[in-house]
Amino acid sequence: MPTGHRKIIIAIDGYSACGKSTLARSLAKRLRYLHVDSGAMYRAVSLYVLEHKVNHRDVDEMQQALNHINIHLSFEKDGQVTWLNNENVESAIREPRINEIVSDVSTLSNVRKAMVAQQRRMGKEKGIVMDGRDIGTVVFPEADLKLFLVSALEVRVERRWLELQNKGIDVSKEKVKENLLLRDQIDSTRSDSPLRKAEDATEIDTSYLTPDEQLQIAYDLARSVIAREVE
Ligand code: DC
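Here's a quick rundown of the structure.

Criteria and cut-off values
- Residues numbered from 1 in each chain as written.
- Predicted model: local features only at pLDDT ≥ 70, side-chain atom pairs only at ≥ 80, totals over all residues.
- Heavy atoms only, no water.
- Near = heavy atom within 4 Å.
- Polar contact = N/O pair within 3.5 Å; in protein donor to acceptor, adjacent residues only side chain to side chain.
- Areas by Shrake-Rupley, 256 points an atom, 1.4 Å probe, with all protein chains shown as cover.
- Helix = DSSP H or I, 4+ residues; strand = E, 2+ residues; numbered from the N terminus.
- 1 Å grid on protein atoms, 1.4 Å probe; cavity = no way out; pocket = protein on both sides within 12 Å on 5 of 7 lines; lining within 4 Å.
- Points joined across faces, edges and corners; volume = space filled by probe spheres on them.
- Nonpolar A, V, L, I, M, F, W, Y, C, P; charged D, E, K, R; others polar.
- Salt bridge = Lys/Arg side-chain N within 4 Å of Asp/Glu carboxyl O.
- Buried < 20%, exposed > 50% of the residue type's maximum accessible area, 1.4 Å probe, protein only.

### Concerning the site of the ligand
Inference 1: Around the ligand, the surrounding shell holds 15 residues, and the nearest of these are Arg43, Arg112, Asp134, Arg183 and Arg190.
Inference 2: Here Ser103 contributes a side-chain N or O atom positioned 2.8 Å from an oxygen atom of the ligand.
Inference 3: A distance of 3.0 Å separates an oxygen atom of the ligand from a polar side-chain atom of Arg133.
Inference 4: For the ligand, the accessible surface in isolation is 440 Å², of which the surrounding protein chains cover 97%.
Inference 5: Secondary-structure elements contributing two or more residues to the shell around the ligand are helix H2 (39-51), helix H4 (96-105) and helix H8 (173-189).
Inference 6: Top element by residues in the shell around the ligand is H2. It accounts for three residues.

Here it is in structure tokens:
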């Protein structure tokens, strides 16, 4: 065990395409912790909404739908796999059609309540790195280490655009930028658990840091917290 005996909870929040999931995944790997990408759960709910033509703005209809939604995460060698009602939806939840509605679906309090309850259960054993929008503020306000990632808009656009290109999805940078700005706005202005930096979070600007440099910063911070924990 390279990091002492007590395990901690690490929360990583920030705007879309700032590199949260990449950093969370590599940090968890280095610490031999579990990595949970909480956004995948909101994406899975959005997939259900699209496939079952649920009017998510109707509270009762959405509540009915939630009663039929069972999200399960499994943790395999290559990382997290998201299951919706026993179907592997890991690839479907990354499609652009999901990006169009996921922020909207994530504003709904009944959806958030269900997801947060499940996320909190995952933190019971500690030894977890969870990334999202409200992890340090709502899901684990008691997290031992909180990171908040920010990045210049142009860098985020480039990053998300490249990601899509690599998947063979051809969209203009302008369209990517529009979607990011819209999601930023919805995520940070919603009334239930808006995206914001927790007071005790450490901000990291990832614009001009390589993934390895980001990992080193986060790992050093985690090590110092763990060292304090075992004193
Ligand atoms: O991290 P991501 O892009 O996969 O997240 C998709 C959406 O899910 C994001 O626009 C807002 C929402 N989300 C949230 O509201 N709370 C979280 N903890 C994680 C994601």
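Next comes the rest of the write-up.
### Side note on the layout of surface pockets
To find leftover empty space, a probe the size of one water molecule is rolled over the atoms.
Inference 1: Each pocket or cavity is described by its volume, and for the largest pocket that value is around 930 Å³.
Inference 2: Contributing to the lining of the largest pocket are 43 residues, with Ser21, Asp37, Arg94, Arg160 and Glu163 lying nearest its centre.
Inference 3: Looking at the lining of the largest pocket residue by residue, the class counts come to ten nonpolar, 15 polar and 18 charged.
Inference 4: Of the volumes computed, that of the second largest pocket is approximately 200 Å³.
Inference 5: Forming the boundary of the second largest pocket are Arg25, Ala28, Lys29, Tyr33, Leu34, His35, Phe75, Glu76, Lys77, Asp78, Gly79 and Gln80.
Inference 6: Elements with a minimum of two residues in the lining of the second largest pocket: helix H1 (20-31), strand E2 (34-37), strand E3 (71-76) and strand E4 (79-84).
Inference 7: In terms of residue class, the lining of the second largest pocket is built from four nonpolar, three polar and five charged.

### Digging into the pattern of salt bridges
Inference 1: Overall, the coordinates contain 16 salt bridges when judged by the stated rule.
Inference 2: Residue Arg97 pairs with Glu51 through a salt bridge whose shortest N-O separation is 3.6 Å. Residue Arg97 is found in helix H4, and its partner Glu51 is found in helix H2; the two are separated by 46 residues along the sequence.
Inference 3: Exposure remark for Glu51: the relative accessible area of 46% places this residue in the partly exposed category.
Inference 4: Salt bridges here are not isolated pairs; linked through shared partners, they connect Asp37, Glu90 and Arg94.

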